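Listed here are the chains, written in short residue letters.
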Amino acid sequence: MQHIDLAGAVIIDRLFAGSVLDALSRDLAPYLRSKPAGSQTGNESQQSFHGPRTTRFGGLAGKSAAFVDVLLNPLVLGAAEQLLLPACGAIQCAGTQVMAIGPGEPAQYLHRDQGAWQTLVEADFAPELAMSAMVAITDFTAANGATRVSPGTHKMARTDFAAFDEGLVKQAEMEAGSVLLYTSKVVHSGGANQTNATRVGMHIFFALGWLRSEEAHQIALSKDDAIRLPERARSLLGFGAYDGDQYGGGRLWTVDYDDPAALYRV
Ligand SMILES: O=C(O)CCC(=O)C(=O)O
């Protein structure tokens, strides 16, 4: 947490090395083979953000049991809670995404993840809205597109364009199984892949529980998928009400003004 506070990011070396990493690689491989690179949206700005040679897919809690172990890892989850709980009653997992940068992909443009939400919550006085955990499924190297991070920029004002100076950027080189944690205010992007092999990262996006989630888990996962999950994973993925009571907020995402979490318990 000290590193996150100072730099806006930290690498945990080889947290998921061994059998978890093997299982993740095995579970994700068929989707990596079948999903085409690039965005199919037709929207130019989304296509550029996505990257024409980058393959992305979500719904990971329905695709990989090992993903659920990573989601519930106490170190990663603990860091997300310490960062975000001061501004919400419960955190959520707002997105699950494989980010596989293919050979020849140029660097993604530098950005802040908090830009996913609107100006009011993007304001400089706003708390951190989210924390990303990027798990290296392959080694991340400077040449194959390791995530670029500009340390310290999480404390810069939104109008301070120095935050987006390419010269301040460092690359999160790490061995497979390691995890890069970074905050929603730190300036970062995917790196350029100048090798012949794909750089595979698995991204988990934790956010304040009262924000609208980036990924529509309730559509991506079937009811059976959700029922099979551990209760804590289901709750992180939004299959239940958000209770903002401790933070002075209300109860959100109800069915008949009650908590729909009960509908998924067997
Ligand atoms: O792939 C990466 O290393 C980071 C990509 C990223 O920041 C994003 O797509 O939001």
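Attention in this report is confined to the structure presented alongside it.

Rules used in this analysis
- Residues numbered from 1 in each chain as written.
- Predicted model: local features only at pLDDT ≥ 70, side-chain atom pairs only at ≥ 80, totals over all residues.
- Heavy atoms only, no water.
- Salt bridge = Lys/Arg side-chain N within 4 Å of Asp/Glu carboxyl O.
- Helix = DSSP H or I, 4+ residues; strand = E, 2+ residues; numbered from the N terminus.
- Buried < 20%, exposed > 50% of the residue type's maximum accessible area, 1.4 Å probe, protein only.
- Near = heavy atom within 4 Å.
- Polar contact = N/O pair within 3.5 Å; in protein donor to acceptor, adjacent residues only side chain to side chain.
- Areas by Shrake-Rupley, 256 points an atom, 1.4 Å probe, with all protein chains shown as cover.

**Points about the pattern of salt bridges**
Then, in step 1: A complete count under the given rule lists 7 salt bridges for this structure.
Then, in step 2: For K155, the salt bridge is made with D5, and the minimal N-O distance between the two is 3.5 Å. A residue pair is termed long-range when its members are at least 10 positions apart, and K155 in the loop between β5 (148–150) and β6 (170–171) and D5 in helix α1 (residues 2–7) qualify at 150 residues.
Then, in step 3: Classification of D5 as partly exposed rests on a relative accessible area of 46%.

**Quick word on unusual backbone geometry**
Among all residues except glycine, the phi angle is most often negative; among peptide bonds, the trans geometry is most common.
Then, in step 1: With a phi angle near 50°, R14 is a residue other than glycine that sits in the positive phi range.
Then, in step 2: Residue position: R14 is located in the loop between β1 (9–12) and α2 (19–34).
Then, in step 3: Positive phi, close to 70°, is recorded for W253, a residue that is not glycine.
Then, in step 4: Mapped onto the fold, W253 is located in the segment after β11 (251–252).

**Quick notes on the site of the ligand**
Then, in step 1: In the vicinity of the ligand there are 13 residues, among which R56, Q108, T147, H188 and R199 approach most closely.
Then, in step 2: Note that an oxygen atom of the ligand is positioned 3.1 Å from one of the side-chain N or O atoms of Q108.
Then, in step 3: In this structure, R199 approaches the ligand through a side-chain N or O atom, which is 2.7 Å from an oxygen atom.
Then, in step 4: Notes on the ligand: free accessible area 290 Å², of which the protein chains cover 95%.
Then, in step 5: Taken together, the elements giving at least two residues each to the shell around the ligand come down to β3 (91–101) and β8 (187–189).

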